[in-house]
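# Remarks on the overall topology
Take a look at the letters that make up each chain.
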Amino acid sequence: MAALKKYLKKKKYIPIPLTLTATHHLELDASINGVNGRFILDTGASNSCVGLDKIENFHLISKESEVKAAGAGATNMETQLSTKNVLKIGNWKQKKSKIILFDLSHINEALITHEALPVDGIIGADVLQKGRAIIDYKTATLYLKKKK
């Protein structure tokens with residue numbers, strides 16, 4: 001795997017460590033608008049999300065959204081939308097990041113039940129696509145392509 005790391009470094013990818021939780025989720029640290037948080041990496045989530053209870057914490061300006069959220073056993077959940085946020089994961093940064101806000105309490109309750117720590121949100125496929133993500137499961141590392 002050293003060859004992969006070396007190759008990706010040449011291609012200007014930034015390594016970001018992932019943590020495998022007790023629930024077998026991949027977790028990472030990221031910041032939104034300069035505030036650090038804990039996030040689940042979810043390749044199946046179409047958008048990155050933050051819990052409604054974290055709006056003030058991450059200095060988010062939100063507006064009502066027509067979109068309904070579904071996932072992790074819950075459906076038809078009300079959402080809000082926050083745009084023009086700065087998302088930073090390791091040394092990778094995305095300005096004007098769009099974040100969906102909805103109630104993550106059911107997810108955090110499930111995590112706590114399985115003796116894992118609650119999360120502030122989810123990093124979804126929107127970020128993974130923009131970052132041209134590569135996940136190395138063997139070394140628990142996420143690679144995101146550095147912006148030019």
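Residues numbered from 1 in each chain as written. Predicted model: local features only at pLDDT ≥ 70, side-chain atom pairs only at ≥ 80, totals over all residues. Heavy atoms only, no water.

### Concerning the overall build of the protein
What the protein contains, in helices and strands, is three helices and 11 strands. In sequence order, the protein lays out its α and β elements as α-β-β-β-β-β-β-β-β-α-β-α-β-β. Counting across all 148 residues of the protein, residues that qualify as buried make up 44%. Taking all contacts inside the protein whose residues are at least 6 apart in sequence as the whole, residues at least 24 apart take part in 59%. (Helix = DSSP H or I, 4+ residues; strand = E, 2+ residues; numbered from the N terminus. Buried < 20%, exposed > 50% of the residue type's maximum accessible area, 1.4 Å probe, protein only. Contact = heavy atoms within 4.5 Å.)

### Concerning the sheet that holds strand 10 (residues 134–136)
Across a sheet, paired strands are connected by hydrogen bonds in the backbone, their directions being either parallel or antiparallel. As summarised here, the arrangement of the three strands in space is 1-11-10, forming an open sheet in which the pairing is antiparallel. The open sheet has two edge strands, strand 1 (13–17) and strand 10, and neither has a second partner. Each adjacent strand pair in this sheet contributes to an overall mean axis angle of 25°, direction not counted. Bridging between strand 1 and strand 11 (residues 141–145) involves five bridges; their strand directions are antiparallel. Bridging across to strand 11, I16 finds its partner in L142. (Pairing = 2+ DSSP bridges. Axes fitted to C-alpha atoms, helices over the stretch in contact; angles between N-to-C directions.)

### A word on the packing of aromatic side chains
Scanning the model with the defined rule gives one aromatic pair in all. Relative to F58, the ring of F39 lies with its centre 6.0 Å away and its plane at 45°, an arrangement referred to as tilted. Of the two residues, F39 sits in strand 4 (residues 35–41) while F58 sits in the loop between strand 5 (49–51) and strand 6 (62–71), which places them 19 residues apart along the sequence. Accessibility classification places F39 together with F58 in one group, the buried group. (Phe/Tyr/Trp six-rings, centres within 6.5 Å; stacked < 30°, edge-to-face > 60°.)

### Some points on empty space enclosed by the protein
Over the atoms, a rolled probe matching the size of one water molecule traces out where space is still vacant. On inspection of all chains with the given rule, the structure shows one cavity of 30 Å³ or more. Considered as a void within the structure, the largest cavity measures approximately 40 Å³ in volume. Those elements giving two or more residues to the lining of the largest cavity turn out to be strand 5, strand 8 (92–102) and strand 9 (121–123). Considering only residue class, the lining of the largest cavity consists of eight nonpolar, two polar and no charged. (1 Å grid on protein atoms, 1.4 Å probe; cavity = no way out; pocket = protein on both sides within 12 Å on 5 of 7 lines; lining within 4 Å. Points joined across faces, edges and corners; volume = space filled by probe spheres on them. Nonpolar A, V, L, I, M, F, W, Y, C, P; charged D, E, K, R; others polar.)

### Concerning the environment of I14
Turning to its location among the elements, I14 is positioned in strand 1. The spacing of I14 and W92 is 78 residues in sequence and 6.8 Å in space, taken between C-alpha atoms. Residue contacts for I14: discarding those within four places in its chain leaves N91, W92, L142, Y143, L144 and K146.

### Describing helix 2 (residues 105–113)
Counting along an α-helix, one turn takes 3.6 residues, and residues three or four places apart therefore face a common direction. When we look at burial in helix 2, the residues that qualify are I107, N108 and L111. When helix 2 is viewed along its axis, its buried side chains cluster within an angular range of 95° and face the same direction. Turned more than 90 degrees away from the buried face of helix 2, the exposed residues are E109 and T113. Where the residues of helix 2 are buried, they touch strand 4 and strand 9. Once helix 2 finishes, E115 follows within two positions and takes phi at roughly 60°, a positive value. (Arc of directions from axis to C-beta.)

### Considering unusual backbone geometry
Glycine aside, a negative phi is what most residues show, and trans is what most peptide bonds show. A positive phi angle, near 55°, is found at N33, a position not held by glycine. Mapping N33 onto the fold places it in the loop between strand 3 (26–32) and strand 4. Among the residues examined, N33 registers a relative accessible area of 23% and is labelled partly exposed. Although it is not a glycine, E115 adopts a positive phi angle of roughly 60°. According to the relative accessible area criterion, E115 is exposed, its value standing at 74%.

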